[in-house]
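A closer look at the structure
One letter stands for each residue in the lines below.
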Amino acid sequence: MPHSSYSPLYQRTQFPDITTVFPLSCVVQKYAWGKIGLDSEVAKLLASSDPLAQIDPDKPYAELWMGTHPRGDAVILDNRIPQKTLGQWIGDNPGCLGSKVKETFQGQLPFLFKVLSVNTALSIQAHPNKELAGKLHAQFPEHYPDANHKPEMAIALTPFQGMCGFRPVEEIVAFLQKVPEFRALIGNVAAEQLERSVCNDPRGVSAALRICFTRMMKSEKKVFVDQLNMLVKRISQEVAAGKDTSGSSGKLLLQLHSQFPGDIGCFAIYFLNLVMLQPGESMFLGANEPHAYLYGDCIECMACSDNTVRAGLTPKFIDVLTLCEMLNYNPAPSSSKVFAPTQSRLDPCVYLYDPPVPDFTVMKIEIPSAIKLYLISAIDSASILLVIQGTALGTSTAAISEMTLTCSLAVVSAVFRACCLL
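Residues numbered from 1 in each chain as written. Predicted model: local features only at pLDDT ≥ 70, side-chain atom pairs only at ≥ 80, totals over all residues. Heavy atoms only, no water.

Within the chain, the secondary structure is distributed over 11 helices and 24 strands. Here the chain has a C-alpha radius of gyration of 23 Å; the compact-globule value for 422 residues is 22 Å, and the two agree. Projected onto the principal axes, the alpha-carbon positions of the chain cover approximately 70 × 45 × 40 Å. Here the chain holds 422 residues, and the buried ones make up 57% of them. Averaging the coordinates of the 35 positive side-chain charges in the chain and doing the same for the 39 negative ones gives two points 3 Å apart. (Helix = DSSP H or I, 4+ residues; strand = E, 2+ residues; numbered from the N terminus. Rg over C-alpha atoms; globule rule 2.2 N^0.38 Å. Buried < 20%, exposed > 50% of the residue type's maximum accessible area, 1.4 Å probe, protein only. Lys, Arg positive; Asp, Glu negative; His and termini not counted. Charge placed at Lys NZ, Arg CZ, Asp CG, Glu CD.)

In structure tokens:
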């Protein structure tokens, strides 16, 4: 049960009798879209774990990776353990995964645990299922580096903004009628087909939606840049005149255009749900679900993969054809994308985020300051623990010495635990 030591709780936390407990030093990714300096939760966690850490006030701190991924294998901070990284240790001690996890995932840790601090939008993207991932990896390994799927779950640490899944058709039709520049990209024939599909069966709706989205994403660059420039000019003039631009999602449009001027992804706001998560709320992103993170800090857990199909709001490789062919074109309201954790019936301190995939589960453990000794329950899985609020002293019968887990002084200690419950 390795843990990432980022956190204070003036309490004593005791682990059960398990094989090994040790602290990790985890990789920080400084992607350009990350929050800057100590505005970033990633940077704050890094600073809290290492008093000697130097946080550059002008550099982005985008992601903290906790796991065994080749691009970010966590380093073991215990010189009594011969292996240097978590991946090496699991490779030599696969039984630590638990019998079912070891057998199901061929001796590999099946998840990657992250913290993200998002300052500017991430790409319009989706992740392939296992079948498609295998094909993409075989054909284009330089762009799709493994053959695994990548379902993922985001849990908000701060107010978090993202786009996820297709809007209800009625909302998309309303934009087609209110935003002439958007309708010009789709074309009247496809737009009218979508308008008529509102009363159709779900298959008819999905087919019409696929045609509209694909037409937009495959627009010639000069055409969509001209339409986008006209739209931005019109919205800017309306804002200057004090007019309400909510019917055109004017605020979000200008936000994305300021970050990615002339990008087709700016028009995706008229197709995709805008999802606002409050701290503790989460959204699950299954295979073929279009999405983009826009702003905020979150915990993220995913299958251990780096396969992403992108088509907008990014300078990286884009694969429009694959994205349009693979997507789930089932419209649903934004409220359907948000889910709250369920409180454990056995332990009122534990809240369970349990997505519909076997690769990972996340537990949030909230320990009131009145509780001076808390026992973390044993499960048949390796776990990574991250303390994001409070201060604790961690011990176990398997640990040779105590470990201080610190982040900030708080009335309630908050610990996230990533694991695999089969």
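Counted according to the given criterion, the structure contains zero disulfides. With no disulfide of its own, Cys 324 has Cys 212 as its nearest cysteine by sulfur position, at a separation of 12 Å. Residue classification places Cys 324 among the buried positions, given a relative accessible area of 3%. Cys 420 provides the cysteine sulfur closest to Cys 419, a residue in no disulfide bond, and the two sulfurs are 7.6 Å apart. We classify Cys 419 as buried; its relative accessible area is 0%. (Disulfide = S-S within 2.5 Å.)

On to the packing of aromatic side chains, then. The description of an aromatic ring pair uses the distance of the two centres, along with the angle that the planes make with each other. The full count for this structure, using the stated rule, is 12 aromatic pairs. Geometrically, the ring pair formed by Phe 213 and Phe 271 is edge-to-face, given 5.3 Å between the ring centres and 85° between the ring planes. A residue pair is termed long-range when its members are at least 10 positions apart, and Phe 213 in helix α8 (residues 202–217) and Phe 271 in the loop between α10 (250–259) and β13 (272–277) qualify at 58 residues. Of the two residues examined, Phe 213 and Phe 271, each falls in the buried class. Pairing Phe 267 with Tyr 270 gives two aromatic rings, centres 6.5 Å apart and planes at 50°, and the pair type is tilted. This pair shows no difference in class: Phe 267 is buried, exactly as Tyr 270 is. In this structure an aromatic cluster arises from ring pairing among Phe 166, Phe 175, Phe 182, Phe 213, Phe 267, Tyr 270, Phe 271 and Tyr 329. The positively charged end of Lys 316 is found above the aromatic ring belonging to Tyr 31, 5.3 Å away from the centroid. (Phe/Tyr/Trp six-rings, centres within 6.5 Å; stacked < 30°, edge-to-face > 60°. Lys NZ or Arg CZ within 6 Å of the ring centre and 35° of its normal.)

UniProt's feature table lists "domain: Phosphomannose isomerase type I helical insertion" (unreviewed entry) at residues 185–272, given in the numbering used throughout. Taken end to end, residues 185–272 comprises 65% helix and 1% strand; its first and last C-alpha atoms sit 16 Å apart. (UniProt positions renumbered as here; feature names shortened; annotations may be inferred.)

What follows covers the domain arrangement of the chain. Looking at the chain, the domain boundaries give domain 1 (21–120 + 341–421) and domain 2 (168–270). Averaged C-alpha coordinates put domain 1 and domain 2 at centres separated by 40 Å. (Domains from an automatic or database assignment.)

The next subject is the pairing of strand β14 (residues 282–285). Alternating residues of β14 divide into Ser 282 and Phe 284 and Met 283 and Leu 285, and every residue in both groups is buried. Pairing of strand β11 (residues 152–156) with β14, which is carried by four bridges, proceeds in the antiparallel orientation. The residue of β14 that forms the bridge with Ala 154 is Met 283. Across two bridges, β14 lies against strand β17 (residues 338–339) in antiparallel orientation. (Pairing = 2+ DSSP bridges.)

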